[in-house]
Amino acid sequence: AGTALEIVDIDGNVSISAATAYIDFGAGTWAVGGTWTNASTDAAWDAGTGSILFDAAAGGTMTFAGVNLAEAEFDDVTFTSMGGTPQTFTMATRGLRLGGTLTISDSVSTTTLDTSVSNLAITAGPVTIGAGGIVTANGSTITISGNFNFSAGTFTFGTSTVVFAANGTLTTPGIVNTIYFFN
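Fair warning: this is a prediction, and the values are worked out from it, not measured in the lab. (Residues numbered from 1 in each chain as written. Predicted model: local features only at pLDDT ≥ 70, side-chain atom pairs only at ≥ 80, totals over all residues. Heavy atoms only, no water.)

1. Focus: the sheet that holds strand β13 (residues 127–129)
Put simply, the rule is: In this scheme, strands are said to pair when DSSP sees at least two bridges between them. The secondary structure listing takes helices from DSSP runs of H or I that are at least 4 residues long and strands from runs of E that are at least 2 residues long, numbered from the N terminus.
An order of β1-β3-β5-β7-β10-β13-β16-β19 is seen for the 8 strands of this open sheet, with the pairing classed as parallel. Two strands in the sheet have a free side with no partner beyond their single neighbour: β1 (7–10) and β19 (170–171). Of the pairings in the sheet, the one linking β1 to strand β3 (residues 29–32) comprises 4 bridges and is parallel in character. If you follow Ile10 over to β3, its bridge partner there is Val32.

Here you go:
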């Protein structure tokens, strides 16, 4: 597993229900056309340097491993929708941890990543909320290690806290007299 030539395309939901199960993503490219549920706590889990695309036509509930894993769950992650209508990916139970870039966008309608009323955390490298992309942060802590660009998308900050853990560039829509953050 985990070679540069690997392309994994799953047209449905992924459920990793055993704590001892793990994935070595390597440098592969994954596409998941459904929801994600991960109960792994295995130290062999390896986010690698590849990417994962969540492109469900119907959005859905995303249960990430969060702090159950010793490292980030993924490297680069993209949320978009192939549905042509507004879709929401709602986080449940645990936060999202990735080592690379988080991108939320939609070229046809809108795709929302919602941290839920549970205020689940997001920890990422650079974050881009592109055209058609929405992040609903609620009361979550969003930790960003790199650039944060939401000039073309929507960042609904709620009562969230945004932590800039590394140097980077902040790119906002640039609307005068607009508050973009709660904390």
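Okay, back to it.
2. Considerations on the pairing of strand β7 (residues 76–79)
Selection criterion: Exposure is judged per residue with a 1.4 Å probe applied to protein chains only, and the accessible area is read against the type maximum: over 50% gives exposed, under 20% gives buried, and values in between give partly exposed.
Of the two faces of β7, the one holding Val77 and Phe79 is buried and the one holding Asp76 and Thr78 is not buried anywhere. Bridge count for strand β5 (residues 51–54) against β7 is 4 bridges, and the pairing is parallel. If you follow Leu53 over to β7, its bridge partner there is Thr78. Sheet topology places β7 next to strand β10 (residues 102–104); 3 bridges connect them, and they run parallel.

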